Amino acid sequence: MNDILPPESAHWEWLEGKVRELMERYAYRNIRTPIVEPTALFVRGLGEVTDIVEKEMYSFEDRLNGEQLTLRPEATAGVVRAVAEHSLLYEGGKRLYYMGPMFRHERPQRGRYRQFHQIGAEALGFPGAEVDAELILLANALWRELDLKNVRLEINSLGQPAERKAHRAALIAYLEQHASILDEEARRRLHSNPLRILDTKNPAMQAMIEAAPRLIDFLGPESLAHFSAVKAILEANGVEWRVNPRLVRGMDYYNLTVFEFVTDQLGSQGTICGGGRYDYLIEQIGGKPAPAVGWALGVERVLELLKEQGNVVPSLVPDVYAIIPSSASLPLAVSTVEQLRMQGVKVQMHAAPAGADGMGSMKSQFKKADVSGALHALIFGDDELSRGMVTLKSLRDGVGAQSEKALAALADWAPHLQSNP
Ligand code: ATP
Ligand code: MG
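Now for a quick tour of the structure.

What counts and what doesn't
In every chain, residue numbers begin from 1 and rise along the written sequence. All chains are assigned letters beginning at A, and all ligands numbers beginning at 1, according to the order in which they are written. Totals for whole chains, interfaces and linings use all residues, but because this is a predicted model, local features are given only for residues with pLDDT of at least 70 and pairs of side-chain atoms are given and counted only at 80 or more. The side-chain numbers reported here are obtained from all heavy atoms of the structure, hydrogens and water having been left aside. Pairs were defined over the aromatic rings of Phe, Tyr and Trp, the Trp ring being its six-membered one, requiring ring centres within 6.5 Å. Orientation was assigned from the angle between planes: stacked under 30 degrees, edge-to-face over 60, tilted for the rest. Think of it this way: any DSSP run of H or I at least four residues long counts as a helix, any run of E at least two long counts as a strand, and we number them from the N terminus. Exposure is judged per residue with a 1.4 Å probe applied to protein chains only, and the accessible area is read against the type maximum: over 50% gives exposed, under 20% gives buried, and values in between give partly exposed. Only when DSSP finds a minimum of two bridges between them are two strands counted as paired. As a rule, the C-alpha atoms of each element are fitted with a line to give its axis, helices using only the stretch in contact, and angles between N-to-C directions run from 0 to 180 degrees. Put simply, a residue is near a molecule or strand once any heavy atom of it comes within 4 Å of that molecule or strand. Think of a polar contact as two N or O atoms within 3.5 Å of one another; within protein, one of them needs to be a possible hydrogen donor and the other a possible acceptor, and neighboring residues in sequence only count if both atoms come from side chains. With residues, only the protein chains shown are counted as cover, and all accessible areas are computed by Shrake-Rupley using a 1.4 Å probe. The classification used treats Ala, Val, Leu, Ile, Met, Phe, Trp, Tyr, Cys and Pro as nonpolar, Asp, Glu, Lys and Arg as charged, and all other residues, Gly among them, as polar.

1. A look at the packing of aromatic side chains
If you walk through the whole model with that rule in mind, you get 4 aromatic pairs. Ring plane angle 55 degrees and centroid distance 5.6 Å describe the contact between Tyr253 and Tyr278, whose orientation is recorded as tilted. One end of the pair, Tyr253, is in the loop between strand 8 (242-243) and strand 9 (255-262); the other, Tyr278, is in the loop between strand 10 (271-277) and helix 11 (281-284), with 25 residues separating them in the sequence. Per residue, the accessibility class of Tyr253 equals that of Tyr278, and both read buried.

So, in structure tokens, the structure goes:
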């Protein structure tokens, strides 16, 4: 679990700002659900025989009432619970998005943390392929907004429960023939959740998995039509993809379309975003049946990829650093700084440093002004203040240029101090 500190936190805020703006363009609305949910929600929603439920959840008992609770390992189950609990689909479909921390007890490594952050989009109440495509286009638009390169789209269809049942029987028979290659986990899952074995990260099993019966060969005409409809819309929008018949995703709740955005620039943690359709989840957790589709991206991995590609995230710098040579000037200096802020100017006020006598030397104040990255220094010298003036000095372009400004005319000169008015 990591602390996210400045200046790095500015990258997070920048990304979140881009996401908010984009979600608004696609008419997705923000939803905020609790970090803690009943354990049963995830067991029922994600599936008992999944990596997350078997070994990754932070679960505990509420000391007051003995209830079993879990720090959310993902947010879809909670969103679906909230949608059902508040009858949000009463008047038709809903498009929602969220951002926030998730918790999984995994082995920490690059791109894999125990508290990590996801941004996700969910469209509930819509059965059509156009919404699957809309969500993929939305993610794609985000990569474009972030100027993220080297991200490819993999898609697959998991069909419907009856089709999976037929495939399952064939898969079990195949896996039984290769029992000697199966690792312990796969052997345990052979009869409880054989599809999950296809999601294994064990390199020794890859070749065998590659040749296993493919779910896509068991899909009926309706499932295939849905898949084709998604692909046709993607094609019309110039989106490239690769069908990956082994793509099954980590949770049991998916059906029909599943997809992942992957990169080869992040080592083995190369999936930056994953999602798909989950038409049976609402019913499974006790709500009125309704179709749904969504995705979640890993914020740490997206930021890491941006860094890897050398993308420059604008850093936060004040417009003005207020230099205050003597504490006697503080009341007037601070009230002037407040007026500037009310005008929209970003001002970092010099404050007396610990252990110094008074406000600190002019030299040390100018040093701090320089480190702050501010474009201008405003110097609240006693002498100027007594004449109703302050000194404005440029710290960046045309360094050193300086002029006196009248406090009484602040509204006239303040707007010129803003870098982004
Ligand atoms: P992986 O196969 O890498 O374990 P997953 O299938 O478990 O990923 P999802 O549950 O689909 O991942 O979550 C969506 C995204 O969240 C992932 O594509 C990834 O970018 C990110 N993510 C998942 N687990 C972690 C983690 N422990 N630390 C950081 N990011 C994560
Ligand atoms: Mg995982």
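From this point on, the discussion continues.
2. Considering the sheet that holds strand 3 (residues 58-61)
Read from one edge to the other, the open sheet built from 3 strands follows the order 2-4-3, with strand pairing classed as antiparallel. Each end of this open sheet is capped by a strand with a single partner; those strands are strand 2 (36-38) and strand 3. Mean inter-strand twist for the sheet, computed between neighbouring axes without regard to direction, equals 35 degrees. Sheet analysis places strand 3 next to strand 4 (residues 68-71), joined by 4 bridges and oriented antiparallel.

3. A closer look at the site of ligand 1
Neighbouring ligand 1 are 16 residues; Arg104, Glu106, Arg112, Arg249 and Thr271 lie closest to it. Here a nitrogen atom of ligand 1 sits 2.9 Å away from a polar atom, N or O, in the main chain of Tyr113. Relative to its unbound accessible area of 590 Å², ligand 1 is 92% covered by the protein chains. Those elements that place two or more of their residues in the shell around ligand 1 are strand 6 (115-124), strand 10 and strand 11 (292-298). Counting residues per element, the shell around ligand 1 draws most heavily on strand 10, at 3 residues. Taken together, the residues that form the shell around ligand 1 break down as 6 nonpolar, 4 polar and 6 charged.

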